[in-house]
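Per-entry structural report
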Amino acid sequence: MVLDDLGSSLRGTLKKIANAVHVDSKLIKEVVRDIQRALLQADVNVKLVLDLSKKIEKRALQEKPPAGMSNREHVIHIVYDELVNILGGSRELPIKKQIIMMTGLYGQGKTTSCGKIATYFKKKGLRPALIAGDVHRPAAYEQLKQIAEQVKVPFYGDNKEKNAVKVVKDGLNKFKRSSDVIIVDTSGRHKLEDDLIQEMKDIFKATKPDEKLLVIDAAVGQQAGSQAKAFNDTVNITGIVLTKMDGTAKGGGALSAAAEVGAPIVFIGTGEHAGDFEKFDPARFISRLLGMGDIKSLLEKAEESMKGKDAEKTARRLMSGKFTLHDMYDQMDMLSGMGPLSKVAEMLPGGFSGKIKDIDMDDTQNKLQRFRVIMNSMTDEEMNDPSIIRASRVKRIAHGAGVENRNVKELLKYYNMTKRMMKGLSGNRKMRKNLMKQLQFGK
Ligand SMILES: Nc1nc2c(ncn2[C@@H]2O[C@H](COP(=O)(O)OP(=O)(O)O)[C@@H](O)[C@H]2O)c(=O)[nH]1
Ligand SMILES: [Mg+2]
């Protein structure tokens, strides 16, 4: 697994969320700090880290989880989303007949990646072939030839010829009919210099490659961004291959910096052998890094044990008599899920239970849904103190929620009745004890 350290810190952080009793702003701030630390250690650019953490914090504090998602899951998804975002878009090389040309500085992993890409396409059922376009280093010819033998694909090279364009042209002629994916290796330089640029341009002209892949050693960290940019500006690369992801803690820097350039990362190299190679897909990469599978089952467990606690809290708060529409909104799922109100109603002296029947408990589910919509049209002030909601406000709220005035009044009636019932209960110790027992929280 690449980026082990980053992965394990991030997984630790997500577990913190999954196991938290409350997902509150304190936890979110702590989580964001953890993520910042982990990303900086993986060499991700400071500005990018700050932007990302601001986004995570803002979304986690402001967005309400979509229906059916808990707060914990929601925050974890936000973290996942934003991490995927910094890795840029994804692109997959098409599985078809094509010419691929490798570019990049010296020692980045071009020749090794030729063999890996050949293996990748071979597995997809296509017939790859390799051409040794690096005519400057004598060893380069031998190296590619050996790789071709290892991965069992045809090879063309001419170790006497010093003209790269001629070698490449001859190779293309040779493989024109017999191969589907022709991969052209080229030589690198220590820097992107004029003679390298000229040679690349000459080979492009002669080859007309479908893909121009840039190979970068991930150990350069954030420098991957400036390398990618320089190459992209001169030769318009179609994809980036980040190699040696296995041997560096700076992979996070290389990945995010390369992604920022806008040329998609298509593969990552994770070792010296032909099989140590992966198609790069940001979403898949992040979900594996975060161990989303594990997190998911952890969340499920946490949800189960949490249900009891939340329900108890709701019941206690309801009985304290001090609950606002905000509380009611927050607890809607709870109310509709386990229906403590109907249980409460059963215990109430005749007068109350009669009244609560007016509200028609059978239809609670639908009503709660409508109540939620209505509450979304209320101001914070109204949510905190519903007693200020008079006729004109009722009209405005109903209009905003697309319901009738009577629906708003019904919500207020439901709220007031609940509140009054709870007040009554809170003054009666015996009844309170009884209720808790009935709700199965003991005490
Ligand atoms: N660990 C590791 N080593 C790699 C990877 N890709 C290439 N290498 C090694 O990096 C060195 C340079 O690779 P090479 O393909 O010759 O680079 P080129 O000069 O760009 O063609 C070689 O020793 C390769 O075995 C990788 O993904 N992981
Ligand atoms: Mg080479």
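Provided above is the structure to which this section pertains.
We now turn to the structure provided with this report. (Residues numbered from 1 in each chain as written. Chains lettered and ligands numbered in written order. Predicted model: local features only at pLDDT ≥ 70, side-chain atom pairs only at ≥ 80, totals over all residues. Heavy atoms only, no water.)

1. Comments concerning the side chain of E382
Within the element layout of this structure, E382 appears in helix α18 (residues 380–384). The buried category is assigned to E382, whose relative accessible area is 0%. (Helix = DSSP H or I, 4+ residues; strand = E, 2+ residues; numbered from the N terminus. Buried < 20%, exposed > 50% of the residue type's maximum accessible area, 1.4 Å probe, protein only.)

2. Re the environment of A274
Looking at where A274 falls in the secondary structure, it is placed in the loop between β7 (265–269) and β8 (277–279). With a relative accessible area of 27%, A274 lands in the partly exposed category. Between the alpha carbons of A274 and I117 there is a distance of 8.3 Å; along the sequence they are 157 residues apart.

3. As for empty space enclosed by the protein
Scanning all chains against the criterion turns up three cavities of 30 Å³ or more. Lining the largest cavity are 14 residues, and of these L6, L39, I86, L87 and I286 sit closest to its centre. Listing elements by their share of the lining of the largest cavity, those giving two or more residues are α1 (4–19), α4 (71–86), α10 (251–261) and α11 (282–289). Here the lining of the largest cavity gathers at least three residues from each of two domains, domain 1 (4–86) and domain 2 (98–281). By volume, the second largest cavity amounts to about 50 Å³. What lines the second largest cavity is E278, K279, F280, D281, R284, F285 and R288. Within the residue set of the lining of the second largest cavity, elements represented by two or more residues are β8 and α11. (1 Å grid on protein atoms, 1.4 Å probe; cavity = no way out; pocket = protein on both sides within 12 Å on 5 of 7 lines; lining within 4 Å. Points joined across faces, edges and corners; volume = space filled by probe spheres on them. Domains from an automatic or database assignment.)

4. Considerations on the nonpolar core
Formed by 76 residues in total, the largest nonpolar core has its most connected members in I240, L242, M245, L255, I265, F285 and I286. If one sorts the elements of this core by residue count, α4 sits on top with eight residues. Of the domains in this structure, domain 1 (4–86) and domain 2 (98–281) are the two that each give at least three residues to this core. In this view, M245 contacts V2, L3, A218, G251, L255, I268, G269, T270 and F285; residues no more than four positions away in its chain are not counted. (Core = buried A, V, L, I, M, F, W, Y, C linked by side-chain atoms within 4.5 Å. Contact = heavy atoms within 4.5 Å.)

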